[in-house]
2 protein chains.
Amino acid sequence: MAEHSPLLTELIDSLKLLPGVGQKSAQRMALHLLKVEQDKSIKLGQVICKAVENIKHCRQCRNYTEAQICEICNSTNRKSTQMCIVETPTDLMAIENGTTYNGIYFVLMGKLSPLDGIGPEQLGLDKLEERLQSGDLEEVILATSSTMEGEVTAHVIAEMVKKNGLKTTRLAQGVPVGGELEYLDLNTLSQAFETRTNYD
Amino acid sequence: MAEHSPLLTELIDSLKLLPGVGQKSAQRMALHLLKVEQDKSIKLGQVICKAVENIKHCRQCRNYTEAQICEICNSTNRKSTQMCIVETPTDLMAIENGTTYNGIYFVLMGKLSPLDGIGPEQLGLDKLEERLQSGDLEEVILATSSTMEGEVTAHVIAEMVKKNGLKTTRLAQGVPVGGELEYLDLNTLSQAFETRTNYD
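Just so it is clear, the structure is predicted and the values come from calculations on it, not from any experiment.

This part takes up the interface of chain B and chain A. In many analyses, interface size is given as the accessible surface area lost on bringing the parts together. The partner chain A presents 54 residues to the 54 residues of chain B that form the contact. Across the interface of chain B and chain A, roughly 5,300 Å² is buried in total on both sides, 73% from carbon and sulfur atoms. Taken together, the connections running from chain B to chain A amount to four salt bridges. Put simply, Glu10 of chain A and Lys43 of chain B hold a salt bridge, and the shortest N to O gap is 3.9 Å.

Further remarks concern the packing of helix α1 (residues 6–15) of chain B against helix α2 (residues 23–35) of chain B. All names here are of chain B. Put simply, α1 and α2 touch, their axes get as near as 8 Å, and they point 125° apart. Compared by their axis directions, α1 and α2 come out oblique. Along this stretch, α1 crosses α2, giving a crossing that reads as right-handed. For the pair formed by α1 and α2, the contact residues are Leu8, Leu11, Ile12, Asp13 and Leu15 on the first element and Gln23, Ala26, Gln27, Met29, Ala30, Leu31, Leu33 and Leu34 on the second.

This part is about the sheet that holds strand β3 (residues 79–86) of chain A. Residue and element names in this part refer to chain A. Within the open sheet, the four strands sit side by side as β4-β3-β5-β6. Their pairing is parallel. For this open sheet the edge positions go to β4 (103–107) and β6 (167–170), each flanked by a neighbour on one side alone. Between one strand axis and the next, the sheet turns through 25° on average, direction left out of account. The sheet contact formed by β3 and strand β5 (residues 139–142) spans four bridges and is parallel. By the bridge assignment, Ile85 is partnered in β5 with Leu142. Of the strands in this sheet, β3 and β4 touch helix α5 (residues 89–98), which is tilted by about 160° from β4.

Moving on: the state of the cysteines. Residue and element names in this part refer to chain B. Under the criterion given, the structure shown has zero disulfides over all chains. A disulfide-free cysteine, Cys73 has its sulfur positioned 3.7 Å from the sulfur of Cys61, the nearest such atom. The exposure class of Cys73 is buried, given its relative accessible area of 15%. The thiol of Cys84 is not disulfide-bonded; the next cysteine sulfur, from Cys61, is found 11 Å away.

Looking now at the relation of the copies chain B and chain A. Least-squares fitting of chain B to chain A yields an RMSD of 0.1 Å, with the superposition described by an axial translation of 0.0 Å and a rotation of 180°. One copy is carried onto the other by what is essentially a two-fold rotation axis. If distances are taken from each C-alpha of chain B to the rotation axis, the shortest is found for Gly45 of chain B, at 2.0 Å. Most of the interface of chain B is mirrored in chain A: 100% of its interface residues are interface residues there too.

Taken as a whole and assessed by the stated rule, the structure comprises one cavity of 30 Å³ or more. Taken as a whole, the largest cavity spans an internal volume of roughly 90 Å³. Lining the largest cavity are Asn63, Tyr64, Thr65, Cys70, Glu71, Ile72 and Met93 of chain A together with Glu3, His4 and Ser5 of chain B. Breaking the lining of the largest cavity down by element, the ones donating at least two residues are β2 (64–65) and α4 (71–74) of chain A.

Next up on the list: the packing of aromatic side chains. Residue and element names in this part refer to chain A. By the definition in use, this model includes two aromatic pairs over all chains. On the basis of an interplanar angle of 75° and a centroid distance of 5.3 Å, the ring pair of Tyr101 and Tyr105 is categorised as edge-to-face. Taking the relative accessible area as the measure of exposure, Tyr105 reaches 1% and is therefore buried.

Glancing now at the sheet that holds strand β4 (residues 103–107) of chain B. Residues and elements named next belong to chain B. Within the open sheet, the four strands sit side by side as β4-β3-β5-β6. Their pairing is parallel. In the strand order of this sheet, the two ends are held by β4 and β6 (167–170), each with one partner. Sheet twist, expressed as the average angle between the axes of neighbouring strands with direction ignored, equals 25°. Where helix α5 (residues 89–98) meets the sheet, it contacts β3 (79–86) and β4, and its direction lies at approximately 160° from that of β4.

A word on the domain arrangement of chain A. Domain assignment breaks chain A into domain 1 (6–54) and domain 2 (64–198). Averaged C-alpha coordinates put domain 1 of chain A and domain 2 of chain A at centres separated by 35 Å.

By volume, the largest pocket is sized at about 980 Å³. Every residue lining the largest pocket is counted, 35 residues in all, and those nearest its centre are Leu31 and His32 of chain A together with Tyr64, Pro89 and Met109 of chain B. Breaking the lining of the largest pocket down by element, the ones donating at least two residues are α1 (6–15) and α2 (23–35) of chain A together with β1 (56–57) and α5 of chain B. The element contributing the most residues to the lining of the largest pocket is α2 of chain A, with nine residues. Grouping the amino acids of the lining of the largest pocket by side-chain chemistry returns 15 nonpolar, twelve polar and eight charged. What the second largest pocket holds in volume is close to 440 Å³. Contributing to the lining of the second largest pocket are 20 residues, with Ser146, Glu151, Arg170, Gln173 and Gly174 of chain A lying nearest its centre. Among the elements of the structure, α7 (148–163) and α8 (186–194) of chain A are those that each provide at least two residues to the lining of the second largest pocket.

The rules we used
Every chain begins its residue count from 1, and numbering advances along the sequence as written. As they are written, the chains are lettered A onward and the ligands numbered 1 onward, keeping that order. Per-residue local features are limited, in this predicted model, to residues with pLDDT of at least 70; the limit for side-chain atom pairs, both in listing and counting, is 80 or more; totals at the level of whole chains, interfaces and linings are taken over all residues. As a rule here, side-chain values cover all heavy atoms of the structure and leave hydrogens and water aside. It only takes one pair of heavy atoms within 4.5 Å for two residues to be counted as in contact. By definition, the buried area sums, over both parts, the 1.4 Å-probe accessible area that each loses when the two are put together. Criterion for a salt bridge: a side-chain nitrogen of Lys or Arg within 4 Å of a carboxyl oxygen of Asp or Glu. Interaxial angle, 0 to 180 degrees, is taken between N-to-C directions of lines fitted to C-alpha atoms, where a helix line uses only the stretch in contact. Secondary structure elements follow DSSP: runs of H or I of four or more residues count as helices, runs of E of two or more count as strands, with numbering from the N terminus. The cut-offs work like this: below 35 degrees is roughly parallel, past 145 is roughly antiparallel, 65 to 115 is roughly perpendicular, and the gaps in between are oblique. The hand of a helix crossing depends on one turn: near helix anticlockwise from the far one by less than a right angle means left-handed, and clockwise means right-handed. Only strands that DSSP links by at least two bridges are regarded as paired with each other. The criterion for a disulfide is a pair of cysteine sulfur atoms lying within 2.5 Å. Note on classification: 1.4 Å probe, protein chains only; a residue is buried when its accessible area is under 20% of the maximum for its type, exposed when over 50%, partly exposed between these limits. When the copies are overlaid, the least-squares fit takes in C-alpha atoms only where the residue has pLDDT of at least 70 in both copies. As defined here, a cavity is a set of points on a 1 Å grid over the protein atoms alone where a 1.4 Å probe fits but cannot get out. A pocket is an open set with protein on both sides within 12 Å along at least five of seven lines, and residues line them when an atom is within 4 Å of a point. Grid points are joined across faces, edges and corners, and a volume is the space filled by probe spheres set on the points. Stacked, edge-to-face and tilted labels apply to pairs of Phe, Tyr and Trp rings (six-membered ring for Trp) whose centres lie within 6.5 Å, assigned for plane angles under 30 degrees, over 60, and everything in between, in that order. Domain start and stop positions are those given by an automatic or database domain assignment. By the convention adopted, Pro, Cys, Tyr, Trp, Phe, Met, Ile, Leu, Val and Ala count as nonpolar, Lys, Arg, Asp and Glu as charged, and the other residues, Gly among them, as polar.

Structure representation (structure tokens):
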């Protein structure tokens, strides 16, 4: 039983680093990279190296950026008194794309999960504390996930915010827009019922 | 509405070169590459460049290899009188892994498809002709796909082989092992019925 050539095997193995990519997909990707114009594949390889070497965390909000301070923190058009706390850059982009929010962010790059070794330090909560004490902020919006870890993280941060006497809000929980009650999980339904709002 | 940083955007766009990867997957992959150990991501980038620059076609069978002649063609343990013709390196690997075939190969790197600009030249049929005329071969096994283009390709190659007076065989067509007749397409069923074999 023969194998692919050593270099091709190495390429396939390396591609398995990508999330959700197993042997079969990696093989398909490798053959595709060899098939398309050489320039494009080489560019991909180079961009991966360049990006990984140069992209760091923003000194203020911890979002990914190749500058010292990211574009959002640097922008003069943004309300720097509102800070939205998210878990990941993907969550940040979702809020940017889906809402009219125009404040600044703080990206935790994870959520508290002691069993995985993710504590306050890994989430940069010391940096967050500095920001909270700086006196520039009025409102902190908690936009962590609605999972167990997300809720714990939100709770810990809410305590920090409260100590600094700032306003804390969190995303509303309830029935998703377009969702049918019949298919809704009971926790969400119960929560939505408890926190029902005035209809006007 | 903010965007990712320019370099991160470039990384996401470049990752879309991979087959089956759209905006969402590319974004997930990019963030994953930034999250894992830097060494691993950089290695992936470097291996892509190195592989694309160094992997060429084997001079004899056209399979991918970084050497002049691939391992299979170079092997002294293989029967060099039998040549199996496949469309892709993936097909070659499937035969290697699934059968006891111990001959050599010729990899077309595609199938005849004039509308896509893939003619005899792109499939290296001139090189194949040389091999057929060399007098080293006894049997040519056609293992192209059972699609329209695959059949046309097989037909063209069969004509070439016949001219050189060599034995030509092709993979058997019929009911897949473990397949239920009820769910079989009618063409396959009809073909299997026509070419039924003696039961002994």
